[in-house]
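Read off the chains here:
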Amino acid sequence: MERYEPQAIEEKWQRIWADERAFEVPNPDPGELEQHEKKTYVLEMLPYPSGDLHMGHVRNYMLGEVVSHFRRRHGFVVMRPMGFDAFGLPAENAAIKEGGHPRDVTERNIAAIRSQMERMGWAIDWSRVLASHEPSYYRWTQWLFLRFF
């Protein structure tokens, strides 16, 4: 039996998946996906980018990983995006603790978390990422609250 060498094997397959864009789900042409009866959306939660991942994150996202792979192997088109709950008190507290500007600290933490998630080899569609600290995202929250007001 061959010895399992995680550094070589994991890096090889993660590179292949990235090159092939194996987990990306393109937007369908109108009427195209409606023909496919088996489609699903998997989104566990949006992590706060106020630090590194911990074992609670690993447990949570690994459950989504299992669901995603199970459904793919049963013929489903699986959309699994990622996002970051990056606006508010956790981001502010992380910036205060680190002594940096909240945007800089948040974006650095998002890059670190994404790198950790990619290293885990999770089947996430990285072409579909949002971060709630981006004006293109929170402008709609503000718009909605103004409408409610």
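The preceding data block contains the structure.
An account of the accompanying structure is given in this report. Just so we're clear, the structure is a prediction, and the values are computed from it rather than from any experiment.

Considering the overall build of the protein chain
Across its full length, the protein chain holds five helices and four strands. The helix and strand sequence of the protein chain, counted from the amino end, reads α-β-α-β-β-α-α-β-α. In terms of principal-axis extent, the alpha carbons of the protein chain reach across some 55 × 45 × 25 Å. The buried share of the protein chain, reckoned over its 149 residues, is 27%. In the form shown here, the protein chain has an accessible surface area of approximately 10,600 Å², with 58% of it arising from carbon and sulfur atoms. The distance from the centre of the 19 positive side-chain charges to the centre of the 22 negative ones in the protein chain is 3 Å.

Here we look at the pattern of salt bridges
Inspection of every chain in the model, using the stated rule, returns nine salt bridges. In this structure, the salt-bridge partner of Arg21 is Glu24, at a minimum N-O distance of 3.8 Å. Since its relative accessible area comes to 55%, Arg21 is described here as exposed. Residues Arg114 and Glu118 are paired through a salt bridge, measuring 2.9 Å at the closest nitrogen-oxygen approach. Of this pair, Arg114 and Glu118 are both found in helix 4 (residues 102-120), four residues apart, which corresponds to roughly one turn of the helix.

What about the packing of helix 3 (residues 89-98) against helix 4?
Close contact between helix 3 and helix 4 brings their axes to 9 Å; oriented N to C, the two are set at 100 degrees. One finds that helix 3 runs roughly perpendicular with respect to helix 4. Between helix 3 and helix 4, the residues in contact are Ala91, Glu92, Ala94, Ala95 and Glu98 and Pro102, Val105, Thr106, Arg108 and Asn109, respectively. Here the contact of helix 3 with helix 4 is built from residues that sort into five nonpolar, two polar and three charged.

Description of the layout of surface pockets
Here the largest pocket defines a volume of roughly 310 Å³. Surrounding the largest pocket, 16 residues form its lining, Gln14, Trp17, Ala18, Glu118 and Trp126 being those nearest its centre. Elements with a contribution of two residues or more to the lining of the largest pocket: helix 1 (6-20) and helix 4. Broken down by element, the residue count for the lining of the largest pocket peaks at four residues, all from helix 4. Of the residues that constitute the lining of the largest pocket, the class distribution is seven nonpolar, four polar and five charged.

Procedures and definitions
- Within every chain, residues take consecutive numbers counted from 1 along the sequence as written.
- With the structure being a predicted model, the display of local features is reserved for residues of pLDDT at least 70 and the display and counting of side-chain atom pairs for 80 or more, all residues being used for whole-chain, interface and lining totals.
- In computing side-chain values, all of the structure's heavy atoms are included and hydrogens and water are not.
- Numbering of helices and strands starts at the N terminus; helices are DSSP runs of H or I of at least 4 residues and strands are runs of E of at least 2.
- Exposure classes here rest on a 1.4 Å probe applied to the protein chains alone. A residue is buried below 20% of its type maximum, exposed above 50%, and partly exposed in between.
- Working definition of accessibility: Shrake-Rupley area with a 1.4 Å probe, residue cover restricted to the visible protein chains.
- The charged-residue count follows a simple rule in which Lys and Arg add positive charge and Asp and Glu add negative charge, with His and chain termini not counted at all.
- Every charge is mapped onto a representative atom, which is NZ of Lys, CZ of Arg, CG of Asp or CD of Glu.
- Between Lys or Arg on one side and Asp or Glu on the other, a salt bridge is scored when a side-chain nitrogen of the former is within 4 Å of a carboxyl oxygen of the latter.
- Axes here refer to lines fitted to C-alpha atoms; in helices the fit is confined to the stretch in contact. Angles between the N-to-C directions go from 0 to 180 degrees.
- To sort the angles, those under 35 degrees are grouped as roughly parallel, those over 145 as roughly antiparallel, those from 65 to 115 as roughly perpendicular, and the leftovers as oblique.
- Residue contacts are counted whenever heavy atoms from the two residues lie within 4.5 Å of one another.
- Here the term charged refers only to Asp, Glu, Lys and Arg, the term nonpolar to Ala, Val, Leu, Ile, Met, Phe, Trp, Tyr, Cys and Pro, and the term polar to all other amino acids, Gly among them.
- Using only the protein atoms, space was sampled on a 1 Å grid; points where a 1.4 Å probe fits but cannot get out form cavities, open sets with protein on both sides within 12 Å along at least five of seven lines form pockets, and lining residues are those with an atom within 4 Å of a point.
- Grid points are joined across faces, edges and corners, and a volume is the space filled by probe spheres set on the points.

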